[in-house]
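As a plain string of letters, each chain reads:
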Amino acid sequence: RCKDFLKDLLLISEDRFIVVNDHETLSLGDKTLEFILAPWVHWPETMFTYLREDKILFTCDFLGSHLATSDLVIADETKVYEAAKRYYAEIMMPFRKIIKKHLEKIRDLEIETIAPSHGPIYNRPEFILNAYKEWISDDVKNEVVIPYISMHGSTDKMVHYFVDVLIEKGITVKPFNLTKTDIGELAVALVDAATIVIASPMVLAGAHPNIVCATYLVNALKPKLKFACIIGSYGWGGKMVKQIKEMLTNLKVEILKPVVIKGYPKEEDFKSLNILADEIFKKHEKLGLIV
Ligand SMILES: Cc1cc2nc3c(=O)[nH]c(=O)nc-3n(C[C@H](O)[C@H](O)[C@H](O)COP(=O)(O)O)c2cc1C
């Protein structure tokens, strides 16, 4: 597969290839390279290379970070953690199940250094391996992510009210106003969250286009969310709820009863939001997320 890609993308000629199989080795004299097939993290032909004598694992895109730094080796773990989590969220998250298998495959390798093709080299392999183990685990956190947008302030009012109610219940809330959100930040929030609440006004009989775009991304990234819900405001009618639900087919979520109101939120609408917040609290409690 790699050969085909290199021929297609870089126009490398047939005579320059040696094709290797899983665990095959190549001696460079005093150094031995072992090749470990690890497809789909994130290209289909991904392969790790283990330099036996120096115990270095070259992981290709896997375990990388989008961090342009003059430090060849990791200097600030906190900074790299954030960049690596964002890289995972934006690029690797859909391959969570595959990553589990690959981590298993390299479990018994003695690794002193991990050198991905993006971002700095890890001289403490357990730093990035443990981070990945947490991100790909089935465990979710007591967090609600709310991508939202509002044209005239109704959905905005609902979201602000809802955020306060959830916080009062001890739930961590991450609202993202899509008029100014860095969509990568939204992706990062999806790594751990138990619940997503998508908040949109009705526009041209459906969800707001920015919400459609964000929902598409959420579905494509396949986060380990457990619950999803739709809230928002409409003027006369439309199919926003159906449209958003139908866009979430990749997610294994329970969809909670939506709160879609007419116009600006009134007393009974706030009550509906209270009920939804109660339900989310109970769902999180049942999962053991609230102690
Ligand atoms: C461009 C535009 C298109 C709209 N299309 C619809 C529609 O198709 N169906 C509907 O029920 N309301 C529609 N509305 C009305 C809004 O959904 C309604 O005013 C809602 O309360 C706006 O929520 P917001 O204040 O959060 O923006 C539209 C409003 C605008 C500005």
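Computed from a predicted structure; not experimentally measured.

Some words on the packing of helix 5 (residues 154-168) against helix 9 (residues 267-286)
Two numbers describe how helix 5 lies on helix 9: the axes approach to 10 Å, and their chain directions differ by 40 degrees. Taken as axis vectors, helix 5 and helix 9 run oblique relative to one another. As for how helix 5 packs across helix 9, the hand of that crossing is right-handed. Judged by residue contacts, Lys157, Met158, Tyr161, Phe162, Val165 and Leu166 of helix 5 engage Phe270, Leu273, Asn274, Leu276, Ala277 and Ile280 from helix 9. Along the lines of polarity and charge, the residues of the contact of helix 5 with helix 9 split into 10 nonpolar, 1 polar and 1 charged.

Description of the domain arrangement of the chain
Domain parsing of the chain yields domain 1 (2-136) and domain 2 (141-286). Relative to domain 2, the C-alpha centre of domain 1 lies at a distance of 36 Å. Facing 11 residues of domain 1, the contacting portion of domain 2 comprises 14 residues. Summing both sides of the interface, domain 1 and domain 2 together bury roughly 1100 Å²; the carbon and sulfur share of this comes to 57%. The three residues of domain 1 that bury the most area against domain 2 are Arg86, Met93 and Pro94, which together make up 45% of that side's buried surface. In this assembly, domain 1 and domain 2 are joined by 4 salt bridges. For Glu185, the salt bridge identified is with Arg86, shortest N-O distance 3.4 Å. Here domain 1 is connected to domain 2 by 6 residue pairs in polar contact (both at pLDDT 80 or more).

Comments concerning the pairing of strand 12 (residues 259-262)
Only one face of strand 12 is covered, namely the one carrying Val259 and Ile261; the face carrying Val260 and Lys262 has none of its residues buried. Across 4 bridges, strand 10 (residues 227-234) lies against strand 12 in parallel orientation. Paired with Gly232 across the strands is Val260, a residue of strand 12.

Focus on the site of the ligand
Neighbouring residues of the ligand: 17 residues in total, closest Met151, Thr155, Ala205, Ser233 and Gly237. A distance of 2.7 Å separates an oxygen atom of the ligand from a polar backbone atom of Trp236. One nitrogen or oxygen atom from the main chain of Gly237 is found 2.6 Å from an oxygen atom belonging to the ligand. Calculation on the ligand without its partners gives an accessible area of 640 Å², and the protein chains cover 81% of this total. Secondary-structure elements contributing two or more residues to the shell around the ligand are helix 5, strand 8 (193-203) and strand 10. The greatest single-element share of the shell around the ligand, amounting to 3 residues, is contributed by strand 8. Classifying every residue of the shell around the ligand gives 8 nonpolar, 9 polar and no charged.

The rules behind each value
Residues numbered from 1 in each chain as written. Predicted model: local features only at pLDDT ≥ 70, side-chain atom pairs only at ≥ 80, totals over all residues. Heavy atoms only, no water. Axes fitted to C-alpha atoms, helices over the stretch in contact; angles between N-to-C directions. Helix = DSSP H or I, 4+ residues; strand = E, 2+ residues; numbered from the N terminus. Parallel < 35°, antiparallel > 145°, perpendicular 65-115°, else oblique. Left-handed = near helix turned anticlockwise from the far one by under 90°. Contact = heavy atoms within 4.5 Å. Nonpolar A, V, L, I, M, F, W, Y, C, P; charged D, E, K, R; others polar. Domains from an automatic or database assignment. Buried area = accessible area lost by both parts, 1.4 Å probe. Salt bridge = Lys/Arg side-chain N within 4 Å of Asp/Glu carboxyl O. Polar contact = N/O pair within 3.5 Å; in protein donor to acceptor, adjacent residues only side chain to side chain. Buried < 20%, exposed > 50% of the residue type's maximum accessible area, 1.4 Å probe, protein only. Pairing = 2+ DSSP bridges. Near = heavy atom within 4 Å. Areas by Shrake-Rupley, 256 points an atom, 1.4 Å probe, with all protein chains shown as cover.

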